[in-house]
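# Commentary on secondary and tertiary structure
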Amino acid sequence: MKTNSIPFLILITALGITLQPASADESLETLKTEAVKGYVAIAGHTTADALNKAMVLKETVYQFAASPSPERHEIAKNAWNIARMPHLQAEVFSIGTEVTKVDHFRQIESILWGEDKSVDGPGDRSSEYFSGGKNTEALEQLQASADAIATELAKTAADWSTGGKDTAAAKF
């Protein structure tokens, strides 16, 4: 049976593994094993980073919801921006949870920034929208979305950890 080795070569190239002439004890299987270990390590680090940033987002959202102020509003928006990129990088490693986290990130964005009516940038919702007990439902939705993101990323990060038989890391 003939197999196509091009996907394997792309993977090892992407992981920075160089093919050297095989010694007597080195084989293609050894290279495949190392490539898979490298991929699992990348998945583990990427999902752990996304989880760490999501936990900071969750904390800042809770602080803002507890006491809305212009400063805490900006801090929550900055935390969202910081958490967004690692989340996007980790999405490729999510199994069955892609839509959920994406929806929650959009929900947080919509609540923090408001409706985007400008071609020059995002919405311009003021923290006044939340002050004095106004729009408590929006603050509750903000917290619920932050909770959901952190929970889903915790599952994804655990799935790519190197321990356990039933993890994505072990199955890969």
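Overview of the structure.

Reading the values: the criteria
Residues numbered from 1 in each chain as written. Predicted model: local features only at pLDDT ≥ 70, side-chain atom pairs only at ≥ 80, totals over all residues. Heavy atoms only, no water. Helix = DSSP H or I, 4+ residues; strand = E, 2+ residues; numbered from the N terminus. Expected span 1.5 Å × (residues − 1). Bend = angle between axes of the 7 residues up to and from the residue. Buried < 20%, exposed > 50% of the residue type's maximum accessible area, 1.4 Å probe, protein only. Axes fitted to C-alpha atoms, helices over the stretch in contact; angles between N-to-C directions. Parallel < 35°, antiparallel > 145°, perpendicular 65-115°, else oblique. Left-handed = near helix turned anticlockwise from the far one by under 90°. Contact = heavy atoms within 4.5 Å. Nonpolar A, V, L, I, M, F, W, Y, C, P; charged D, E, K, R; others polar.

### Structural notes on helix α3 (residues 70-90)
Between its first and last C-alpha atoms α3 spans 31 Å; for 21 residues at 1.5 Å apiece the expected length is 30 Å, and the two agree. The principal kink in α3, of about 25°, is found at R84, preceding the proline P86 by one to four residues. Burial in α3 covers these residues: H73, A76, K77, A79, W80, A83, R84, P86, H87 and A90.

### Structural notes on the packing of helix α2 (residues 28-66) against α3
Where α2 contacts α3, the axes come no closer than 8 Å and their chain directions differ by 160°. With respect to their mutual orientation, α2 and α3 come out roughly antiparallel. Here the hand of the crossing between α2 and α3 comes out left-handed. The residues of α3 that touch α2, namely those facing T46, T47, D49, A50, K53, A54, L57, T60, Q63 and F64, are R72, H73, I75, A76, A79, W80, I82, A83, P86, H87, Q89 and A90. A per-class count over the contact of α2 with α3 returns 12 nonpolar, 7 polar and 3 charged.

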